[in-house]
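# Fold and geometry: a report
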Amino acid sequence: MSIRCGACLQARFHGYAVAGDPSVPTHGDFYAGKGIGHAVLQTSAGLLSIFNTHTCANYSHQYKEPVKGLKCRIPADTDAAIRISQVLQLASLVQVAQQQGYMGTVIAGDLNCPPDSLEMHIFKALLPDLHDCWLEQHPDQPGYTSNAADNTFTKPGGDPPSRIDYVWVSGKPVGARVTMQRAHKSCSYSDHLGVEAVCKFEEACPGRHMTATAREIIGKNPQLFEAAQGIMQQCADRFQNSRKRWVLLAIWCAFAAVMLFAVAVAFPWWHYQRAALPVVLCIFAVSCAASPVSFILGFAGFGSIAAAMKEAVQHLQLCLSPCIL
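So, a few notes on the structure that sits alongside this text. Note that this is a predicted model, so its numbers are computed, not measured.

## Description of the side chain of Asp79
In this fold, Asp79 is placed in the loop between β3 (46–54) and α2 (80–98). Among buried charged residues, Asp79 stands out as having no salt bridge; its nearest opposite-charge side chain is Arg238, 5.4 Å away. Setting aside chain neighbours within four positions, we find Asp79 in contact with Asp21, His27, Cys56, Ala57 and Tyr59.

## Regarding the pattern of salt bridges
Evaluation of the coordinates by the stated rule reveals 7 salt bridges. A salt bridge links Asp21 to Arg238, with the nearest nitrogen and oxygen atoms 3.5 Å apart. Highlighted residues: Asp21 in the loop between β1 (7–15) and α1 (29–32) and Arg238 in helix α6 (residues 222–266), separated in sequence by 217 residues. For Arg238, a relative accessible area of 29% gives the class partly exposed. Among the ionic pairs, Arg73 bridges to Asp116, the shortest N-O distance being 3.1 Å. You can see Arg73 sitting in the loop between β3 and α2 and its partner Asp116 sitting in the loop between β4 (104–110) and α3 (118–126), a full 43 residues away along the chain.

## Regarding the layout of surface pockets
When its volume is computed, the second largest pocket comes out at roughly 590 Å³. In terms of residue class, the lining of the second largest pocket is made up of 9 nonpolar, 10 polar and 5 charged.

## A short note on unusual backbone geometry
The backbone phi angle of His61 is positive, close to 55°, even though this residue is not glycine. With respect to the helices, strands and loops of the structure, His61 is situated in the loop between β3 and α2. With phi around 55°, Asn112 is a residue other than glycine that occupies positive phi space. The residue Asn112 is located in the loop between β4 and α3 in this model. Classification of Asn112 by relative accessible area gives buried; the value is 10%.

## Remarks on the pairing of strand β2 (residues 35–43)
Of the strand pairs in this sheet, β1 and β2 are connected by 8 bridges, and their pairing is antiparallel. Bridge assignment links Ala11 to a residue of β2, and that residue is Ala39. Across 8 bridges, the pairing between β2 and β3 is antiparallel. The residue bridging Val40 from the neighbouring strand is Ser49, located in β3. Adjacent in sequence and paired antiparallel, β2 and β3 are bridged by 2 residues.

## A few points about α2
A rise of 1.5 Å per residue sets the reference length of α2, with its 19 residues, at 27 Å; its end C-alpha atoms lie 27 Å apart and thus fit the reference within 8%. The buried fraction of α2 is high, at 15 of 19 residues.

Rules used throughout
Residues numbered from 1 in each chain as written. Predicted model: local features only at pLDDT ≥ 70, side-chain atom pairs only at ≥ 80, totals over all residues. Heavy atoms only, no water. Helix = DSSP H or I, 4+ residues; strand = E, 2+ residues; numbered from the N terminus. Buried < 20%, exposed > 50% of the residue type's maximum accessible area, 1.4 Å probe, protein only. Lys, Arg positive; Asp, Glu negative; His and termini not counted. Salt bridge = Lys/Arg side-chain N within 4 Å of Asp/Glu carboxyl O. Contact = heavy atoms within 4.5 Å. 1 Å grid on protein atoms, 1.4 Å probe; cavity = no way out; pocket = protein on both sides within 12 Å on 5 of 7 lines; lining within 4 Å. Points joined across faces, edges and corners; volume = space filled by probe spheres on them. Nonpolar A, V, L, I, M, F, W, Y, C, P; charged D, E, K, R; others polar. Pairing = 2+ DSSP bridges. Expected span 1.5 Å × (residues − 1).

Next comes the structure, spelled out in structure tokens:
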């Protein structure tokens, strides 16, 4: 997004409570420290609240069979619950900011979910006053930003093209286009294309965006959020089980290292066995290295995200309780 002039009055970064799966380093979401950037700009027309984010990627692009009563696709990849929790956290931050009476709100970034996905339906339900700039200006055009045909990073026969990069605004969109196809004659800027939007905002009015609380919105869309709760509950259980397994592995590795050290001290003849000594040293070294790594993954990794996911599930249960009862 480009703004002609304005002073940045506030800038903060909010890390996602559930950033990714720490046991899959090849995905990188957890270790990248993903989150939400929030800035407040002083413009000639008033204060503008801007959010930028990048949610957890969908690596398999798998979806479940359609659910009766829901007009969205239910993700079936292992990171679906992570993205849902991130969308909930993003919406919560935006709702808090909207109560401050800023002139307008802008949300831009790679949400890693197409418009017809469960995640985006949750996003739109929680933030009904925001407008999708591309959709409102080009309702009949796909606007692909990922795996686009004119992107040099797109691999033949790879994932299908999709629109997962957005600009959402509380103002009135008056123009939108997909841009940044080429940084050079033979190379694109990125594996994603950019989205450029032009918007108009009205004068600031405190609380004008808040038409309903999150609890009221969730209560009006029980089936949508029950589907999200089910996916998140399964993920919370998986994270909790992973935490127990990694901690147990740390204990066993520590036990193996201690026992090998005790055997080496008690029976010096190990030092004179050329065939056995390298094996013992190798097992001892692996045990010493694996124990702290497993402990850190179990407690610092899965411990924190399992607690955060459980808290998010409990929040949805609390909001859905009147509907369930």
